Amino acid sequence: MKIAIGGDHSSIELKKEIIKYLEELGHEVKDFGTYTSESVDYPIYGKKVADEVASGRYEGGVLICGTGIGISLAANKVKGIRAAVCSEPYSAKLSKQHNNSNIIAFGARVVGVDLAKMIVKEWLDAEYEGGRHARRVGLITKIENGEEI
Ligand code: RB5
């Protein structure tokens, strides 16, 4: 799978570990920054990865900031993006199965390396179930498009 990854200054060490892990699993990963621990603004990297996923150039995205919150909020402003912030694997799995999340986000100040790997693995292994969930995800899209629900 082609995966876009990004994060702010707080993500640097964890991002390296996650890239290595994803590559070991056989995925093609591109790092959209930031690349140093100099303080940066997380919305920039949230948008970069979200644009890549929304365009279809990448099949999924991984975003990391201190908490995972700011960067996912930014990514979710891009049309077609459903970024889920998860601090444990169960929510990560359900975010794909039920919400068809196309970006997984987490906080470098919240989760450790091993937990982050588990979150990413569960998310990657899960499949969107559609069915009754499709109606609900469709309603989210309607909100995004400014339609009445
Ligand atoms: C940066 O200090 C921090 O605010 C950011 O990484 C993130 O946690 C925001 O949601």
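No experiment lies behind these values; they were computed from the predicted model shown.

A look at helix α1 (residues 12–24)
Step number 1: With 13 residues, α1 extends 19 Å from end C-alpha to end C-alpha; this agrees with the ideal 18 Å at 1.5 Å per step.
Step number 2: If you check which residues of α1 are buried, you get I12, L14, K15, I18, I19, Y21 and L22.
Step number 3: Residue G26 follows α1 closely and has a positive phi angle near 95°.

As for the packing of aromatic side chains
Step number 1: Following the criterion strictly, the structure yields 1 aromatic pair and no others.
Step number 2: When the ring of F32 is compared with that of Y58, the centres are 5.6 Å apart and the planes differ by 90°; the resulting orientation is edge-to-face. Here the residue F32 occupies a position in the loop between β2 (28–31) and α2 (42–55), and Y58 occupies one in the loop between α2 and β3 (60–65), the gap between them amounting to 26 residues.
Step number 3: Classification of F32 by relative accessible area gives buried; the value is 12%.
Step number 4: For the cation-ring pair, K96 lies above W123, with the distance from its terminal atom to the ring centre recorded as 4.6 Å.

Some words on helix α4 (residues 89–97)
Because each turn of an α-helix spans 3.6 residues, side chains separated by three or four positions end up pointing in the same direction.
Step number 1: Taken together, the buried positions of α4 are P89, A92, L94, S95, K96 and Q97.
Step number 2: Residues of α4 that are buried in the fold lie against β4 (83–85), β5 (103–107), α5 (113–125) and α6 (132–144).
Step number 3: Of the residues that open α4, the one with a side-chain oxygen 3.0 Å from the backbone nitrogen of Y90 is E88.

Considerations on the site of the ligand
Step number 1: Around the ligand, a shell composed of D8, H9, S10, Y42, C65, G66, T67, G70 and R109 is seen.
Step number 2: Backbone polar atom of G70 to an oxygen atom of the ligand: 2.9 Å apart, as the coordinates give it.
Step number 3: The protein chains hide 71% of the 300 Å² of surface that the ligand would expose on its own.
Step number 4: Across the shell around the ligand, the residue classes break down as 2 nonpolar, 5 polar and 2 charged.

Thoughts on the packing of α4 against α5
Step number 1: Here α4 crosses α5 at 25°, and the two axes come no closer than 8 Å. One way to sum up the angle between α4 and α5 is to call them roughly parallel. Handedness of the α4/α5 crossing: right-handed. Contact residues: P89, A92, K93, S95 and K96 in α4; L115, M118, I119, E122, W123 and L124 in α5.
Step number 2: Among the residues making up the contact of α4 with α5, the classes are represented as 7 nonpolar, 1 polar and 3 charged.

Considering the nonpolar core
Step number 1: Of all hydrophobic cores here, the largest spans 20 residues; its most connected members are L14, I18, L22, V62, I104, F106 and I119.
Step number 2: Looking at this core element by element, the count peaks at 5 residues for α5.
Step number 3: When neighbours within four sequence positions are excluded, I104 is seen to be in contact with G61, V62, L63, A84, C86, A92, S95, I119 and W123.
Step number 4: Listed in part, the 17 residues of the second largest apolar core include A4, V53, I71 and I103.

Digging into the packing of α1 against α5
Step number 1: Across the interface, α1 lies against α5 with an axial gap of 10 Å and an inter-helix angle of 45°. Between α1 and α5, the angle is such that the two are oblique. Considering how the two elements wind past one another, α1 and α5 form a crossing that is right-handed. Together, L14, E17, I18, Y21 and L22 of α1 and V113, A116, K117, V120, K121 and L124 of α5 make up the contact between the two elements.
Step number 2: Here the residues of the contact of α1 with α5 sort into 8 nonpolar, no polar and 3 charged.

The rules we used
Residues numbered from 1 in each chain as written. Predicted model: local features only at pLDDT ≥ 70, side-chain atom pairs only at ≥ 80, totals over all residues. Heavy atoms only, no water. Helix = DSSP H or I, 4+ residues; strand = E, 2+ residues; numbered from the N terminus. Expected span 1.5 Å × (residues − 1). Buried < 20%, exposed > 50% of the residue type's maximum accessible area, 1.4 Å probe, protein only. Phe/Tyr/Trp six-rings, centres within 6.5 Å; stacked < 30°, edge-to-face > 60°. Lys NZ or Arg CZ within 6 Å of the ring centre and 35° of its normal. Contact = heavy atoms within 4.5 Å. Polar contact = N/O pair within 3.5 Å; in protein donor to acceptor, adjacent residues only side chain to side chain. Near = heavy atom within 4 Å. Areas by Shrake-Rupley, 256 points an atom, 1.4 Å probe, with all protein chains shown as cover. Nonpolar A, V, L, I, M, F, W, Y, C, P; charged D, E, K, R; others polar. Axes fitted to C-alpha atoms, helices over the stretch in contact; angles between N-to-C directions. Parallel < 35°, antiparallel > 145°, perpendicular 65-115°, else oblique. Left-handed = near helix turned anticlockwise from the far one by under 90°. Core = buried A, V, L, I, M, F, W, Y, C linked by side-chain atoms within 4.5 Å.

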